[in-house]
Amino acid sequence: MQNNVYLRAANYYETDKMGIVHHSNHIRYFEEARIYFMKNIGCDVAQMELEGIIIPNVDAYAKYFTPIRFGDEVEIEVKLAKFTGTVMEYTYTARLKESGKVAATGHTQHCFVGPDFRPMSLKKKFPEYYNKLKENISFSE
């Protein structure tokens with residue numbers, strides 16, 4: 001599996017009264033995919049936090065197309081669409097593995113701050129992480 005495709009199955013507790021995955025869980029799926037992607041490119045979020053890099057989410061959006069149901073396997077493709085060293089934005093496409101149908105698309109935007117929650121330039125303070133992220137920006141549309 002490519003490092004930008006995250007696979008997971010929908011859990012029963014994630015569903016709502018209609019029997020589909022509740023809309024709020026899509027944002028969680030996106031976060032799981034982003035954490036997976038970052039770890040695979042050498043930017044382990046847990047390690048970054050230990051080093052004083054905090055990555056808050058400042059924007060999140062999802063658009064829904066096809067319901068995800070309990071047990072469905074979902075492939076979430078994640079792309080680093082924008083990266084400046086102080087801000088990064090990811091795009092996501094969640095597909096049902098069996099049919100390939102798009103279940104949802106979305107994006108999240110994040111910034112980098114220190115333990116004092118003041119903005120930080122990753123390029124200046126942590127150039128090794130900056131370079132790893134910069135090398136993994138997706139330029140395809």
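Residues numbered from 1 in each chain as written. Predicted model: local features only at pLDDT ≥ 70, side-chain atom pairs only at ≥ 80, totals over all residues. Heavy atoms only, no water.

All right, on to helix α1 (residues 23-40) then. Each α-helix winds once per 3.6 residues, and so residues spaced three or four apart point in a common direction. Between its terminal C-alpha atoms α1 stretches 27 Å, which fits the 26 Å expected from 18 residues at 1.5 Å a residue. Contacts from the buried residues of α1 go to β1 (5-9), α2 (45-50), β2 (57-64), β3 (73-83), β4 (87-96) and β5 (102-111). (Helix = DSSP H or I, 4+ residues; strand = E, 2+ residues; numbered from the N terminus. Expected span 1.5 Å × (residues − 1). Contact = heavy atoms within 4.5 Å.)

Before going further, it helps to spend a moment on the pattern of salt bridges. Pairing between side chains of opposite charge can happen when their charged atoms approach one another. Under the definition given, this model contains seven salt bridges. Ionic pairing is found between Glu32 and Arg8, a salt bridge with its closest N-O pair at 2.8 Å. Here the residue Glu32 occupies a position in helix α1, and Arg8 occupies one in strand β1, the gap between them amounting to 24 residues. For Arg8, a relative accessible area of 10% translates into the label buried. We note a salt bridge from Arg34 to Glu31, for which the minimum N-O separation is 3.7 Å. With Arg34 and Glu31 both in helix α1 and three residues apart, this pair spans about one turn of that helix. On the basis of relative accessible area, Glu31 is assigned to the partly exposed category, the value being 43%. The network of salt bridges with common partners includes Arg8, Glu14 and Glu32. (Salt bridge = Lys/Arg side-chain N within 4 Å of Asp/Glu carboxyl O. Buried < 20%, exposed > 50% of the residue type's maximum accessible area, 1.4 Å probe, protein only.)

Here we take up the pairing of β3. Of the strand pairs in this sheet, β1 and β3 are connected by five bridges, and their pairing is antiparallel. When the bridges of β3 are listed, Tyr6 appears paired with Ile76. (Pairing = 2+ DSSP bridges.)

Within helix α4 (residues 127-134), the full set of buried residues consists of Tyr129, Tyr130 and Leu133. All buried residues of α4 fall inside an arc of 105° around its axis, so they share one side. Along its buried surface, α4 packs onto α2, β3, β4 and α3 (122-125). (Arc of directions from axis to C-beta.)

A few words now on the packing of aromatic side chains. Across all of its chains, the model carries eight aromatic pairs by this definition. Where Phe83 meets Tyr130, the ring centres are 5.3 Å apart and the plane angle is 45°; that geometry is what we call tilted. Taken as a pair, Phe83 in strand β3 and Tyr130 in helix α4 lie far apart in primary sequence, 47 residues in all. Accessibility classification places Phe83 together with Tyr130 in one group, the buried group. Feature note: the residues Phe30, Phe37, Tyr90 and Tyr92 constitute an aromatic cluster, connected by ring pairs. (Phe/Tyr/Trp six-rings, centres within 6.5 Å; stacked < 30°, edge-to-face > 60°.)

This part covers the nonpolar core. With 35 residues, the main nonpolar core has Phe112, Leu122 and Leu133 as its most contacted residues. Broken down by secondary-structure element, the contributors of at least two residues to this core are α1, α2, β3, β4 and α4. (Core = buried A, V, L, I, M, F, W, Y, C linked by side-chain atoms within 4.5 Å.)

Turning next to the environment of Glu73. Position of Glu73 among the secondary structure elements: in strand β3. Between the alpha carbons of Glu73 and Arg8 there is a distance of 5.7 Å; along the sequence they are 65 residues apart. Leaving out residues up to four positions away in the same chain, Glu73 has contacts with Leu7, Arg8, Ala9, Arg95, Leu96 and Lys97.

Taken as a whole, this structure holds zero disulfides when the rule is applied. Here Cys43 stays free of any disulfide, with the sulfur of Cys111 as its closest cysteine sulfur at 16 Å. Taking the relative accessible area as the measure of exposure, Cys43 reaches 0% and is therefore buried. (Disulfide = S-S within 2.5 Å.)

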